[in-house]
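Here are the chains, one letter per residue:
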Amino acid sequence: MQTDTFYKQTEINKGDVTAELFLDYFSERLRVDDYRGNIAALAAEVHELAVQHDFSKVIIKARSEHVGAFLALGYLPEAVFSQYFNGSDAVAMCRFYTNERKRSDFWVEEDKIIDQILELPNVKSGGYSLPENYLIRLADLNDAEGLAALYGEVFQVYPTPMNDPEYIKKTMEHGTIYYVIEHCKEIVSAASADINLQYHNAELTDCATLPEHRKFGLMKILIEKLEMELKNRKIFCAYSIARSLSFGMNAVFFQRGYKYHGRFTKNCLIFNKYEDMNLWMRDLSEN
C-alpha cells in the first residue's frame, strides 16, 4: 500500500512565508503543522492548495498570538493544544469548504458523552496490573507484522495505513514508539506515541484492542507505560485525539488525568463516516 495515496508531507517556501504541510488525501483535508512569516500569504497559499486538491477542511496549528489574524481571514478555533510549542499554546484554526463538512451530525450526543465522562472518578495514579498470561513490552521492528494484523482486524477503515507492516516500520524509524500487550505470543492490544522532537510534545494514538480482550482495561496499562517512556525522554506535553462517539477511549484519557480541550468537526474518515474527534491534553510533569 502506497502512503502517498493516503497523504503527502510537503512544504511552502516562498519569499515571505515558510510552512510544513500535511496533505491528507484519504480524509480530504490539509493540515499546517508549523509556519513562519506572513499570515495572509500563508492563508492564500493554503487556500490555493485546498481548492487544487478538492479538500473540504483546513487545519492550521496557530500560535496563540496569531489567532486574531486567522480569525480575520475567516478561520475558526476548534481546539487548544496547551504547551504544544515548547510550552506555548497552539490553537487549531480551521476553515471548511463545504457545508456538509462543517455540519456535525452528532454534536449534542457527543456533548452528553463528555458530561458523563466528567462525572467519572479520576484514577490516574495507575498501578494497573495485567491479567495472568498477558505480557507488556516496548515494540520493535520485528513486531510490524503483528501490529499490522491487529490494526487490520480492529480498523477496517482508518486514516493511515496501519495494516501495512512497511508503513509501521517507517513510523518506528521516524521516532514513533509502540507498546504492545501479548497473550499467548499474539499481540492483542497496542498504542503508540508519535513524538515531535522539535517542540517536545507527543500524540498518543493508534489505540487498538481485539474485542475479546477489551474487558481487562488493557489500554489504561498501555497509556501509563507510554507516559512513563515519554517522561524518561523529557517529553511532558502529551495529547490524544479520540473519536467523540467512543465513550470508552475518552474515558480512558480522562481517567489518566487528561483534560478536554475541544472538538474537531468531521476531522477524519474512520469506519464508515467522517468522525468528530475530541482533543485531550495532559502535562506529564504534574503529578
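In what follows, the accompanying structure is described. Please read these numbers as outputs of a predicted model, since none were measured by experiment.

## Observations regarding the packing of helix 5 (residues 144-154) against helix 6 (residues 165-173)
Contact pair helix 5 / helix 6: the axes reach a minimum separation of 8 Å and the direction vectors enclose 115°. In this structure, helix 5 crosses over helix 6, and the sense of that crossing is right-handed. Residues A144, E145, L147, A148 and Y151 of helix 5 form the contact with helix 6, whose own contacting residues are P165, I168, K169 and M172. Class assignment of the residues belonging to the contact of helix 5 with helix 6 gives a composition of seven nonpolar, no polar and two charged.

## Describing the nonpolar core
L147, Y151, I168, L204, I223 and L230 are the most contacted members of the largest nonpolar core, which has 54 residues in total. Top contributing element to this core by residue count: helix 7 (residues 218-232), with seven residues. Apart from the residues lying within four places of it in its own chain, the contact partners of I223 are A191, L204, C207, V252, F253, R256 and Y258. Judged by nonpolar contacts, the second largest core, of 24 residues, contains L23, Y35, A41 and V91.

## Describing the packing of aromatic side chains
Counted according to the given criterion, the structure contains 18 aromatic pairs. Judged by centre distance (4.9 Å) and plane angle (20°), the ring pair of F6 and F26 falls under stacked. Remark: F26 occurs in the loop between strand 2 (17-24) and strand 3 (29-37) and F6 occurs in the segment before strand 1 (7-13); sequence separation between them is 20 residues. Relative to F22, the ring of Y7 lies with its centre 5.0 Å away and its plane at 20°, an arrangement referred to as stacked. Note that Y7 is positioned in strand 1 and F22 in strand 2, a separation of 15 residues in sequence. Looking at Y7, the relative accessible area reads 11%, which means it is buried. An aromatic cluster is defined as three or more aromatic residues linked by ring pairs; in this entry it consists of F81, Y84, F85, Y199, Y239 and F264. Sitting over the ring of F85, R63 keeps its end group 4.1 Å from the ring centre. Cation over ring: R101 sits above Y274, and NZ or CZ is 4.2 Å from the ring centre.

## Quick look at the side chain of H213
With respect to the helices and strands, the residue H213 is situated in the loop between strand 10 (201-209) and helix 7. By relative accessible area, which is 8% here, H213 ends up buried. Once residues lying within four places of it in the same chain are set aside, the contact partners of H213 are Y134, H183, V188 and L218.

## Overview of helix 4 (residues 107-118)
For helix 4, spanning 12 residues, the distance from its first C-alpha to its last is 17 Å, which sits close to the expected 16 Å at 1.5 Å a residue. Listed in full, the buried residues belonging to helix 4 are E110, I113, I114 and I117. Angular distribution of buried residues about the axis of helix 4 spans 100°; they occupy a single face of the element. Exposed side chains of helix 4 directed beyond 90 degrees from the buried face belong to V108 and K112. Buried residues belonging to helix 4 abut helix 8 (247-255), strand 12 (259-270) and strand 13 (273-283).

## Examining the packing of helix 7 against helix 8
Where helix 7 contacts helix 8, the two axes come as close as 10 Å, and the packing angle between them is 45°. Put simply, helix 7 runs oblique to helix 8. Crossing handedness for the pair helix 7 and helix 8: right-handed. Contacts between helix 7 and helix 8 involve M219, K220 and I223 on the former and, on the latter, M249, V252, F253 and Q255.

What counts, and where the lines are drawn
- Residues numbered from 1 in each chain as written.
- Predicted model: local features only at pLDDT ≥ 70, side-chain atom pairs only at ≥ 80, totals over all residues.
- Heavy atoms only, no water.
- Axes fitted to C-alpha atoms, helices over the stretch in contact; angles between N-to-C directions.
- Helix = DSSP H or I, 4+ residues; strand = E, 2+ residues; numbered from the N terminus.
- Left-handed = near helix turned anticlockwise from the far one by under 90°.
- Contact = heavy atoms within 4.5 Å.
- Nonpolar A, V, L, I, M, F, W, Y, C, P; charged D, E, K, R; others polar.
- Core = buried A, V, L, I, M, F, W, Y, C linked by side-chain atoms within 4.5 Å.
- Buried < 20%, exposed > 50% of the residue type's maximum accessible area, 1.4 Å probe, protein only.
- Phe/Tyr/Trp six-rings, centres within 6.5 Å; stacked < 30°, edge-to-face > 60°.
- Lys NZ or Arg CZ within 6 Å of the ring centre and 35° of its normal.
- Expected span 1.5 Å × (residues − 1).
- Arc of directions from axis to C-beta.
- Parallel < 35°, antiparallel > 145°, perpendicular 65-115°, else oblique.

Scope: geometric values only; no functional claims are made or implied.
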